[in-house]
Amino acid sequence: MSTTNSSAVLSCEFFPPRTEAGVEKLLVTQQTLNDVFQPAYYSVTFGAGGTTRESTLETVTLLSKKGINVAPHISCIGSSKQQIKELLELYKSLGISRMVTLRGDIPESGESTKEFSHANELVSFIRETTGNHFTIEVAAYPEYHPESVSPQSDFEHFKSKVAAGADGAITQYFYNIDAYSRFIDNCQRENINIPITPGIMPITNYASLIRFSDICGAEIPRWIRKQLEAYADDKESLRSFGLDVTSNLCNQLLQQGAPGLHFYTLNQAGATNAIWKNLSI
Ligand code: FAD
């Protein structure tokens, strides 16, 4: 990896709100982010965190009709080919040109149409049905996907998404920069030249960070965990430490040539804007 990328692509992720008040708040969040650093696009998660697919479509429609550049997430595990085809047509009609393409987490109910098993199949299907209309982002896991059988097979599966036609990847969040650097080195060795954008999770709440990280397999290094634990209810010190850690991470990533940063905003502007203000770009 080389020098700071001055044309870094910065993007922000939202989840679809479940209430009218949540929708109003999301619009304020988007405006607040836009006032500070004009993200290149906003992605909207799909059926994640207990939200429904309908609410993803509603949020994407609302934002895109306001002229905001939106990239819906689309996951295939519980969908039929026909449903995906209809969704792609709808997104095309809304002027959407970028998507984050996933398998999705296997639902507790085990619900699956059996028409798709993995994200590479969805990438191929999107290319077959809509050609090069969409810029396709896929997920990457520098610390390995929690279900992966081995680091090697996880990387092979990542390669199969690239071979199927992915234009870029966004990583699961991480705080170990070496994991990302190694992932990039592996890609370079295999001649994978698509941009691999680090996913950044701001640190604002100890309990929820631990809960998310346990589920998605992101490691919280001991020196971070111990310090967050020590702050306990001292929210101000915790946020200040979290801001310092994530700002340093982002600056190091950009210095090493990361093509951009994708912020997991959790529908809040404050922490992401604060990190952006600390970036040396
Ligand atoms: P895949 O790439 O299919 O990989 C899943 C697992 O299967 C891995 O362990 C992989 O090694 C293995 N695998 C892949 N291909 C094969 C194969 N051919 N044979 C055998 N094994 C294989 N979840 C949501 O529900 N909604 C969202 O909006 C959402 N957004 C996300 C955004 C980002 C940037 C990231 C990083 C994750 C997101 N997730 C979301 C979580 C994601 O859905 C889960 O991590 C899911 O478990 C895997 O999805 P994937 O697309 O990475 O799957």
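Refer to the structure above for everything that follows.
Residues numbered from 1 in each chain as written. Predicted model: local features only at pLDDT ≥ 70, side-chain atom pairs only at ≥ 80, totals over all residues. Heavy atoms only, no water.

1. Focus: the environment of Ser 64
At step 1: Here Ser 64 is to be found in helix 2 (residues 53–65).
At step 2: Separated by 32 residues in the primary sequence, Ser 64 and Ile 96 have C-alpha atoms spaced 7.7 Å apart.
At step 3: Among all residues touching Ser 64, those that are not within four sequence positions of it are Val 70, Leu 94 and Ile 96. (Helix = DSSP H or I, 4+ residues; strand = E, 2+ residues; numbered from the N terminus. Contact = heavy atoms within 4.5 Å.)

2. Brief notes about the sheet that holds strand 8 (residues 199–200)
At step 1: An order of 7-6-5-4-3-2-1-9-8 is seen for the 9 strands of this open sheet, with the pairing classed as parallel. Bordering the open sheet on either side are strand 7 (196–197) and strand 8, each of which pairs with just one other strand.
At step 2: Pairing analysis gives 4 bridges linking strand 1 (residues 9–14) to strand 2 (residues 41–44), with the strands arranged parallel. Across the sheet, residue Cys 12 finds its bridge partner in strand 2, namely Tyr 42. (Pairing = 2+ DSSP bridges.)

3. Some thoughts on the pairing of strand 9 (residues 260–264)
At step 1: Within strand 9, 5 of the 5 residues are buried, which leaves the element mostly enclosed by the surrounding structure.
At step 2: Here strand 9 shows no split at all, with Gly 260, His 262 and Tyr 264 on one side and Leu 261 and Phe 263 on the other all buried. (Buried < 20%, exposed > 50% of the residue type's maximum accessible area, 1.4 Å probe, protein only.)

4. Here we look at the site of the ligand
At step 1: Neighbouring residues of the ligand: 21 residues in total, closest Arg 103, Asp 105, Tyr 141, Asp 154 and Lys 161.
At step 2: His 145 places a polar side-chain atom, nitrogen or oxygen, 2.8 Å from an oxygen atom of the ligand.
At step 3: Against a free-state accessible area of 970 Å², the protein chains account for coverage of 85% of the ligand.
At step 4: With 3 residues, the top contributor of residues to the shell around the ligand is helix 5 (residues 151–163).
At step 5: Class assignment of the residues belonging to the shell around the ligand gives a composition of 8 nonpolar, 8 polar and 5 charged. (Near = heavy atom within 4 Å. Polar contact = N/O pair within 3.5 Å; in protein donor to acceptor, adjacent residues only side chain to side chain. Areas by Shrake-Rupley, 256 points an atom, 1.4 Å probe, with all protein chains shown as cover. Nonpolar A, V, L, I, M, F, W, Y, C, P; charged D, E, K, R; others polar.)

5. Describing the environment of Gln 38
At step 1: Mapping Gln 38 onto the fold places it in the loop between helix 1 (20–37) and strand 2.
At step 2: Considering only alpha carbons, one finds Gln 38 and Thr 272, 234 residues apart in sequence, at a separation of 12 Å.
At step 3: Here the side chain of Gln 38 touches Asn 34 through a polar contact of 2.9 Å, landing on its backbone oxygen.

Fair warning: the whole summary comes from geometry, so function is off the table for now.
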